[in-house]
Amino acid sequence: MGLWDVLFGRSKPAQPDLDRLFGLPSAAIALQAAAGLTPTGAGSVCFASIEGGAFARIQQEVRALLDADSGRGGAAVEFSQDGYGYSWLLSRRAPDELPSLVNDLHAVNAALRDSGFGPQLLCSLAAFHTPGRHPLALVYLYKRGTFYPFAPLPGQKRDSPLELQVRAVLQDDLNIEPDLSRWFPLWGAPGL
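Residues numbered from 1 in each chain as written. Predicted model: local features only at pLDDT ≥ 70, side-chain atom pairs only at ≥ 80, totals over all residues. Heavy atoms only, no water.

K.L.:
Which parts of the structure should I look at to understand the pairing of strand E4 (residues 121-129)?
P.N.:
Walk down a regular strand and you will see the side chains alternate between the two sheet faces. For E4, the buried fraction is high: eight of the nine residues fall into the buried class. Where strand E1 (residues 38-48) and E4 come together, seven bridges link them in antiparallel fashion. The residue bridging Thr38 from the neighbouring strand is His129, located in E4. Of the strand pairs in this sheet, E4 and strand E5 (residues 135-141) are connected by seven bridges, and their pairing is antiparallel. Paired with Phe128 across the strands is Leu136, a residue of E5. Hairpin remark: E4 followed by E5, antiparallel, with five residues in the connecting loop; positive phi at Arg133, about 75°. (Buried < 20%, exposed > 50% of the residue type's maximum accessible area, 1.4 Å probe, protein only. Helix = DSSP H or I, 4+ residues; strand = E, 2+ residues; numbered from the N terminus. Pairing = 2+ DSSP bridges.)

In structure tokens:
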């Protein structure tokens, strides 16, 4: 930050630390041991919509990258847009392949960042479920460099006690967002 930025109260946006995503596999072990939460094999990346040919090119590059890496044949990734106009990319793996899923999410984020779309990155999530099959996502906020748990319930309600339990379990494993007002609900997020 330069002198003019200090004088005029401007700050540079935080650069996303994509490598923090690699903390998810060890966090998953802690979640399973403490709360019985297990990965579902689904993970998503959310970004502000990119228009025109650039978005089509990114879709092709990401699909080719993940299809080549997956070894599963067919589409390893799905693109969608939510009701708010945000774009989502969903990757699915076997539940026991969380490290591979994290690699998928990291590769997508890196491809978007390296193509000049880093400022459009909003969040990534990895999906888990309770022993009763209720969903929970660990959400990574790029602009904050932090994670938070999101546990949706039917009727657009949240399981706040579960979210707070997960925060307590993971406070030593992940950089948990301290400001609860930034724990945004992701209703209908792909993979949940």
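Read on for the rest.
K.L.:
I would appreciate a short explanation of unusual backbone geometry in the present structure.
P.N.:
Most peptide bonds adopt trans geometry, and most residues besides glycine take a negative phi value. Here Arg133, not a glycine, exhibits a phi torsion of approximately 75°, which is positive. Along the chain, the position of Arg133 falls in the loop between E4 and E5. For Arg133, a relative accessible area of 60% gives the class exposed. At Gln156, a residue that is not glycine, the phi angle is positive and equals roughly 50°. Position of Gln156 relative to the elements: it lies in the loop between strand E7 (152-153) and strand E8 (157-158).

K.L.:
What is the right way to look at the environment of Ala48 in this model?
P.N.:
Considering the arrangement of structural elements, one finds Ala48 in strand E1. C-alpha of Ala48 to C-alpha of Ser87: the two residues are 39 residues apart in sequence and 6.0 Å apart in space. Look past the residues within four positions of Ala48 in its chain and what remains in contact with it is Tyr86, Gln120 and Leu122. (Contact = heavy atoms within 4.5 Å.)

K.L.:
Mind showing me how you'd approach the packing of helix H2 (residues 24-35) against helix H5 (residues 160-170) here?
P.N.:
Packing of H2 against H5 leaves a shortest axis separation of 10 Å and a crossing angle of 120°. The orientation of H2 relative to H5 falls into the category oblique. Viewed along their axes, H2 and H5 form a crossing whose handedness is right-handed. In contact with Ala27, Ala30, Leu31, Ala34 and Ala35 of H2, H5 contributes Gln165, Val166, Val169 and Leu170. (Axes fitted to C-alpha atoms, helices over the stretch in contact; angles between N-to-C directions. Parallel < 35°, antiparallel > 145°, perpendicular 65-115°, else oblique. Left-handed = near helix turned anticlockwise from the far one by under 90°.)

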